[in-house]
Amino acid sequence: MPERMLTESEGYRLLEMCGIPVPPHQVVTSAGDARVAAGLIGYPVVMKVVSPQIVHKSDVGGVITGIEGPDDAEEAYRMIMRNSAARAPDAVVTGIIVEKQMPGGLEVLIGGKTDPSFGKVVTFGLGGKLVELLEDISIRVLPVTDDDIRAMVREIEGYRLIRGYRGEPPKDEEALVRVIATMARQFTENPQIREFDLNPVIVSEEGASVVDARIIVGDTAGGEVARLSIRAPPDILYPESIAVIGASASPNKVGYSVLRNLLSFPGDLYPVNPARKELFGKTAYPSVADIPGPVDWAVIAVPAHLVPGVMEECGEKGVRLAVIVSAGFREIGGTGAALEEVVVKIARRHGIRIIGPNCLGIMMPHQGINATFDPVSPRPGDVAFISQSGAIITTVVDWSLPEEFGFSSVISVGNQADLGFEHYLRFAEQDPETRSVTLYIEEIQDGRGFMHVMREVAGRKPVVAVKSGSSRKGKAAASSHTGSLAGSYDVYVAAFRQAGVIPVQTLRDAFNLAELLASEGYPQGNRAIAVTSAGGFAVLASDYAETHGVDMVDLPDDVLRELNAFLPPFWNHANPMDIVGDADAARFAALFDVLIRHQDFWDIAFVIAVPTTLADPAHVANEIVRFSRNTEKMVVGCMLGGDSIRSGLRILRSCRIPNFSELEDAFKAVGRILSVRIARVGEQSRLPRDDRCPGGGR
């Protein structure tokens, strides 16, 4: 069915069939008919232009409210027709709708659109002109439960108006939830509805009614739930032998860089180059078929047109995984896409799984594997990094070395001809070296399937995601409020949050969060305490906590009594705890002992240490590590300063305790975590770990 917008009366009829309240109404085509219709409906009435070309009726003078009598009805009809002809001369006006003016209330928007990646989504926000002015909306990927809908209603800033603001009585929230739930169900079940705007919906003290409806119908393209691809064997990323096909002695060739990077691989490494007898001291073979032993991985770095032949040889050899770093496939379109299909068919026939093509490759630092052409290799660590951009990977790895940040795996997904994000997430889920996951995403084809996997993985290990494209919302080209506000980026972020994935906008924020979660796990709640020897930072901690939704709790009387026993008399006796500028590591340690004994009143502890002549940063850092290791709560390191605290930072880093060099960054990170999820009841907030902290850290 060709795409078209239902007339307002058609839209009202659809809503009425679903049980959604709409005003009494009638479409008229003359001033006399308007007079009669208004009399039958009962004054006051509203009159609105009906035209598929006029999206925002008020902008062209196409809406008149408060019509109180027959003569006014006739004059309103004529005025709307004059306004429409003058301000929208190319629009086809098919009539004017006369409808009962509903009693006043709060105007909200309920919208829906079909996203190319995630399918049908529903939006909610303040309605009327406020929707575009404030952009205060929430989004959910369908299907949703009534509880999901209540949550999305309550998360907008404007919810205070629904709850009752400045003496206003509360609005009928449950009636609003019923309207959203009914429309969401109809949108999910009716494949012909592609987009809708119910704006405004009037929510009063008793009930909710739609007073303007734009519903676009047509054949639904994209967004369907796709079958999840077959899971790869979990041991496929633990090779014992690797062949580099296209290995080279020329430093300007990709095959040179890949082979050089793999020299530290402890398993069997086989260069493949028909023109060479040896490379980097290793015997080179004319083809993979000539290799005497088994080959688990083949890293393929030959021109694209040669890849099908190489894949046939790999299949006959029994290779399990092909890492195709070669470019020239689907990313160039046309012949490249056809060539990629050929490669995939060969792989399917032989049972070979594929990373790429057109990828940087894969790094597994704990296994001594750098099967990429990145010039440097990362340190081993706890965080899996899965990226849709090879350039982002090389930049991040380069950044990570001076920061002493480590990775459990770094994977460039490339074109995802076979293995994709869902497979790598499953690998990270079961990988014992991985404690948290960071994703860099540009586009997902099967959003529903990806979301399903994300939800399951994020339930076991924290996942943080950066999505590019936040600036391309297409507002200028959008044909509706929903189309302009629920842009592709916004839908991704909503999907992440629904799946328990923490969305961030910068890579630095992503790795700060991933490192914190890898070390400390999800907090069990939002009750926070802060400890510092600097009064100014105690004040700032209170400010930042309020800004980022972190609850600074009061100190219980028994805790105050214990602290008073050893802290100076002039400490501030409050949370954040200013334990005075002459505090040394022993004072921090004694305070930590109290907090370890009393873990029932707090969930998150911020430890803020600054350079002083009395507090050795290394000793303070050791106490922070001990504190973290002896609680099941989140401990956030905030050792602030420069060179004078380096010794402390090295201890925290070696013990995998993250540190925030900017205090607000620490509160922002925790606030982001709390906005998505906390540890669920009965859930172990932190994964058990083999503590690699050198002596003195426990």
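Since the structure is predicted, the reported quantities are computational estimates derived from the model, not experimental observations. (Residues numbered from 1 in each chain as written. Predicted model: local features only at pLDDT ≥ 70, side-chain atom pairs only at ≥ 80, totals over all residues. Heavy atoms only, no water.)

A short note on the overall build of the protein
Broken down by element type, the protein carries 22 helices and 30 strands. Across its three principal directions, the C-alpha atoms of the protein cover 95 × 80 × 40 Å. Taking all 698 residues of the protein together, 58% fall into the buried category. Restricting to contacts in the protein with at least 6 residues of sequence separation, those with at least 24 account for 73%. A total accessible area of about 28,500 Å² is found for the protein, and carbon and sulfur atoms account for 51% of it. Separation of charge centres in the protein, based on 69 positive and 88 negative side chains, amounts to 3 Å. (Helix = DSSP H or I, 4+ residues; strand = E, 2+ residues; numbered from the N terminus. Buried < 20%, exposed > 50% of the residue type's maximum accessible area, 1.4 Å probe, protein only. Contact = heavy atoms within 4.5 Å. Areas by Shrake-Rupley, 256 points an atom, 1.4 Å probe, with all protein chains shown as cover. Lys, Arg positive; Asp, Glu negative; His and termini not counted. Charge placed at Lys NZ, Arg CZ, Asp CG, Glu CD.)

What about the nonpolar core?
Within the largest apolar cluster, 56 residues are counted, with the highest numbers of intra-cluster contacts made by Leu-262, Trp-297 and Leu-439. Considering every element that reaches this core, the biggest residue donor is helix 13 (residues 447-458), with six residues. One finds Leu-516, Ala-534, Ala-541 and Ala-679 within the second-largest nonpolar core, a separate group that totals 50 residues. (Core = buried A, V, L, I, M, F, W, Y, C linked by side-chain atoms within 4.5 Å.)

Re the packing of helix 18 (residues 557-564) against helix 19 (residues 585-597)
Taken N-terminus to C-terminus, the directions of helix 18 and helix 19 make an angle of 155 degrees; their axes are 10 Å apart at the nearest point. Between helix 18 and helix 19, the angle is such that the two are roughly antiparallel. Classified by chirality, the crossing of helix 19 by helix 18 is right-handed. Residues Val-559, Glu-562 and Leu-563 of helix 18 pack against Leu-591, Val-594 and Arg-597 of helix 19. Of the residues that constitute the contact of helix 18 with helix 19, the class distribution is four nonpolar, no polar and two charged. (Axes fitted to C-alpha atoms, helices over the stretch in contact; angles between N-to-C directions. Parallel < 35°, antiparallel > 145°, perpendicular 65-115°, else oblique. Left-handed = near helix turned anticlockwise from the far one by under 90°. Nonpolar A, V, L, I, M, F, W, Y, C, P; charged D, E, K, R; others polar.)

Some remarks on the sheet that holds strand 25 (residues 502-504)
As summarised here, the arrangement of the seven strands in space is 20-19-22-21-23-24-25, forming an open sheet in which the pairing is mixed. In this open sheet, the two strands that pair with only one neighbour each are strand 20 (369-372) and strand 25. Across this sheet, the average inter-strand angle for adjacent strands is 25 degrees, counted without regard to direction. One ladder, built from five bridges, connects strand 21 (residues 379-387) with strand 23 (residues 436-441); its direction is parallel. Bridged to Phe-385 within strand 23 is Thr-438. Of the strands in this sheet, strand 21, strand 22 (406-412), strand 23, strand 24 (463-467) and strand 25 are in contact with helix 16 (residues 507-520), which crosses strand 24 at around 175 degrees. (Pairing = 2+ DSSP bridges.)

Some words on the side chain of Asp-603
Examined against the element boundaries, Asp-603 turns out to sit in the loop between helix 19 and strand 29 (604-609). A distance of 3.5 Å separates a polar atom in the side chain of Asp-603 from the backbone nitrogen of Asn-526. Not counting residues up to four positions away in its chain, the partners in contact with Asp-603 are Gln-524, Gly-525, Asn-526, Arg-527, Lys-633 and Met-634. (Polar contact = N/O pair within 3.5 Å; in protein donor to acceptor, adjacent residues only side chain to side chain.)

Focus: the pattern of salt bridges
The full count for this structure, using the stated rule, is 33 salt bridges. Close ionic contact of Asp-212 with Lys-57 constitutes a salt bridge, the shortest N to O distance being 3.3 Å. Here the residue Asp-212 occupies a position in the loop between strand 10 (208-210) and strand 11 (213-217), and Lys-57 occupies one in the loop between strand 3 (45-50) and strand 4 (63-67), the gap between them amounting to 155 residues. Lys-57 sits in the buried class, given a relative accessible area of 10%. Put simply, Lys-668 and Asp-509 hold a salt bridge, and the shortest N to O gap is 3.5 Å. Taken together, the residues Lys-668 in helix 22 (residues 663-676) and Asp-509 in helix 16 connect sequence positions 159 residues apart. Overall, the relative accessible area of 14% leaves Asp-509 in the buried class. (Salt bridge = Lys/Arg side-chain N within 4 Å of Asp/Glu carboxyl O.)

As for the confidence of the model for the protein
For the protein, mean pLDDT is 91; residues scoring 70 or higher make up 92% of the total. Considering only residues more than four positions removed or in separate chains, one finds that residues 222-228, a stretch of pLDDT under 50, has 14 contacts. With pLDDT under 50 throughout, residues 473-486 is counted as low confidence; its partners more than four residues away or in other chains account for 40 contacts. (pLDDT = per-residue confidence, 0-100.)

Regarding the packing of aromatic side chains
In this structure the tally under the stated criterion is 19 aromatic pairs. A centroid spacing of 5.9 Å and a plane angle of 75 degrees characterise the contact between Tyr-270 and Tyr-285, whose relative ring orientation is edge-to-face. Of this pair, Tyr-270 sits in strand 13 (residues 268-272) while Tyr-285 sits in the loop between strand 15 (282-283) and strand 16 (297-300); the two residues are 15 residues apart in sequence, bridging distant segments of the chain. In terms of burial, Tyr-270 and Tyr-285 fall into one category: buried. With a centroid separation of 5.1 Å and 80 degrees between ring planes, the pair formed by Phe-385 and Phe-511 is classed as edge-to-face. Taken together, the positions of Phe-385 in strand 21 and Phe-511 in helix 16 put the pair 126 residues apart, joining distant regions of the chain. Across the pair, Phe-511 and Phe-385 agree in class, each one buried. Sitting over the face of the ring of Tyr-492, Lys-467 holds its NZ or CZ atom 4.6 Å from the ring centroid. (Phe/Tyr/Trp six-rings, centres within 6.5 Å; stacked < 30°, edge-to-face > 60°. Lys NZ or Arg CZ within 6 Å of the ring centre and 35° of its normal.)

Looking at the pairing of strand 29
Counting buried positions along strand 29 gives six out of six residues, so the element sits mostly inside the fold. Burial along strand 29 is two-sided: the residues Ile-604, Phe-606 and Ile-608 and Ala-605, Val-607 and Ala-609 are all buried. Here six bridges tie strand 29 to strand 30 (residues 634-639), and the two strands are oriented parallel to one another. Paired with Ala-609 across the bridge in strand 30 is Met-639.

Points about the packing of helix 13 against helix 15 (residues 488-498)
At a minimum axis separation of 9 Å, helix 13 and helix 15 run at an interaxial angle of 35 degrees. Contacts between helix 13 and helix 15 involve Phe-450, Met-451, Met-454 and Arg-455 from the former and Ala-495, Phe-496 and Gln-498 from the latter. Residues belonging to the contact of helix 13 with helix 15 are distributed by class as follows: five nonpolar, one polar and one charged.

A short note on helix 22
With 14 residues, helix 22 should cover 20 Å at 1.5 Å per step; its first-to-last C-alpha distance of 21 Å lies within 8% of that length. Where helix 22 is concerned, the buried positions are Leu-663, Ala-666, Phe-667, Ala-669, Val-670, Gly-671, Ile-673, Leu-674 and Val-676. (Expected span 1.5 Å × (residues − 1).)

Concerning unusual backbone geometry
Pro-44 follows Tyr-43 through a cis peptide bond whose omega is -5 degrees. Position of Pro-44 among the secondary structure elements: in the loop between helix 2 (31-41) and strand 3. Residue Gly-356 is joined to Pro-357 through a cis peptide bond whose omega torsion reads -5 degrees. Of note in this structure, Arg-166 is not a glycine but carries a positive phi near 55 degrees. Overall, Arg-166 belongs to the exposed group, its relative accessible area being 77%. In this structure, His-573 is a non-glycine residue whose phi angle is positive, near 55 degrees.

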